[in-house]
Structures are given as structure tokens and as C-alpha cells.
Amino acid sequence: MPPPSDLRSVPLPVQPGRRIGRTGPALSSGTGGGAAPRPVPGLLAAAEQHLRIGAPADLADAVTRSHLDDGRCVGWYGPPTPDWRVAIDAERTDAPVPPALARRFGAGDFWARWTRAECCCKLADVPVAAWWRRHGLGAPADGSAVWRTLRLADLVVTVGFTANGRAAAPNSPPH
């Protein structure tokens, strides 16, 4: 597992939403409308510094983790963010898109869209199937979540935050 300083961010197309903080062209980020108070924009802008890739046992102390289909894990090691929840989701960039999902949502930029939706599901505590019915692979447009999607090594990773007490998608069906 390389140290975080050895992970390289590769530009992804910018998705609808606005840039957060001083991010430069390597950032695909967004909010649904409201501005995110500090320290969240700074954490998103420097997300590469707070992510680790390795074996699940080696990342047991991460704030939050995402498990990959090849046995690896991605962990978030950012500083505490009082009053904010954090979630991450990661997928291998070379993983084949399941045909049924490609038919339903399209294959273009699939893993970036998928990780954003999964991250928002985790923040809202909503099952992905319920999320699909309401948002497809989109993110909420109401300002309840802020996120950044980036490439690290052979992965697409989304890091997202929502304020404690605010769901990433209000009025989502219960699970």
C-alpha cells in the first residue's frame, strides 16, 4: 500500500454541482445548493492525503472504509469533523459494468456516478435500490451533501459529507 503522498489524483469530468474550495481541474465535486462550512471544503480538496488503500485488516482503524471486489479496502483517515458525517465508496476503474446496470443507467462515467450514489446512500442510510427509484445514479440537489470524486491508482473514489442530523436525501423511503 503506497503512503497517501504517493497516490495520484487523475482528472475526472466535472459533474453538475459547484467546485468546493481551491480544487483545480482534478476535482469532480458538488453540493446540492448550500455552501459547506469549514473544514469540509478543505478536507475534500485534500482528500488524497486522507485516503489509504490496503488490506481490510490493515485499515481497521479508518474512520470509514469501502471494500473492493479484489479484496482490497480504501480507508478514510481525515481529522475529526464535529457535526459532520463522512462516507466513502470506491470501485476499480477497470471493473466491468454489470450489463443490467449499464442498460438502466448507461455505461458512460459509470463508476464515478456509482460511487457518488453509494456514498450518498451511506450518508442517508438508504438502501441503494431505494436510492435508484428516487435519484437514479444522481446525487441530491438540495444541498444536504457535499462530495468529491477522484481517481487514485486504479480506483474511482467518492468522499462525501453531510451535516449530522441532515440526511443526504430527505424524504427518501425508509429501509
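None of the values given here were measured: they were computed from a predicted structure.

### Examining the pattern of salt bridges
Proximity of charged atoms lets side chains of opposite charge pair with each other.
Then comes step 1: The final tally for this structure, using the stated rule, is 6 salt bridges.
Then comes step 2: Between arginine 148 and glutamate 48 there is a salt bridge; the shortest N-O distance is 2.9 Å. Within this pair, whereas arginine 148 is found in strand S7 (residues 146-152), its partner glutamate 48 is found in the loop between helix H1 (40-45) and strand S3 (51-54), the two being separated by 100 residues in sequence. Side by side, arginine 148 and glutamate 48 carry an identical accessibility label, which is buried.
Then comes step 3: As a salt-bridge pair, aspartate 94 and arginine 92 come within 2.7 Å of each other at their nearest N and O atoms.
Then comes step 4: Here aspartate 94 falls in the exposed class, since its relative accessible area comes to 55%.

### Structural notes on the confidence of the model for the protein chain
Then comes step 1: Mean pLDDT over the protein chain stands at 77; residues scoring 70 or higher make up 72%.
Then comes step 2: Counting contacts from residues 1-29, a segment whose pLDDT is below 50, to residues more than four positions away or on other chains yields 78 contacts.
Then comes step 3: Here residues 169-175 is modelled with pLDDT under 50, and outside its nearest four sequence neighbours on either side it reaches 14 contacts, counting other chains as well.

### A few points about helix H4 (residues 128-135)
Then comes step 1: Inspection of H4 places Ala130, Trp131 and Trp132 among the buried residues, and these make up the whole buried set.
Then comes step 2: In the segment just after H4, glycine 136 is the residue with positive phi, at about 65°.

### A look at the packing of aromatic side chains
Aromatic rings in a pair are described by how distant their centres are and how their planes are angled relative to each other.
Then comes step 1: For the structure on display, the rule yields 6 aromatic pairs.
Then comes step 2: Where phenylalanine 110 meets tryptophan 114, the ring centres are 5.7 Å apart and the plane angle is 25°; that geometry is what we call stacked. Of the two residues, phenylalanine 110 and tryptophan 114 both sit in helix H3 (residues 110-124), 4 residues apart, roughly one turn of that helix. Exposure class is identical for phenylalanine 110 and tryptophan 114. Each is buried.

Basis of the calculations
Residues numbered from 1 in each chain as written. Predicted model: local features only at pLDDT ≥ 70, side-chain atom pairs only at ≥ 80, totals over all residues. Heavy atoms only, no water. Salt bridge = Lys/Arg side-chain N within 4 Å of Asp/Glu carboxyl O. Helix = DSSP H or I, 4+ residues; strand = E, 2+ residues; numbered from the N terminus. Buried < 20%, exposed > 50% of the residue type's maximum accessible area, 1.4 Å probe, protein only. pLDDT = per-residue confidence, 0-100. Contact = heavy atoms within 4.5 Å. Phe/Tyr/Trp six-rings, centres within 6.5 Å; stacked < 30°, edge-to-face > 60°.

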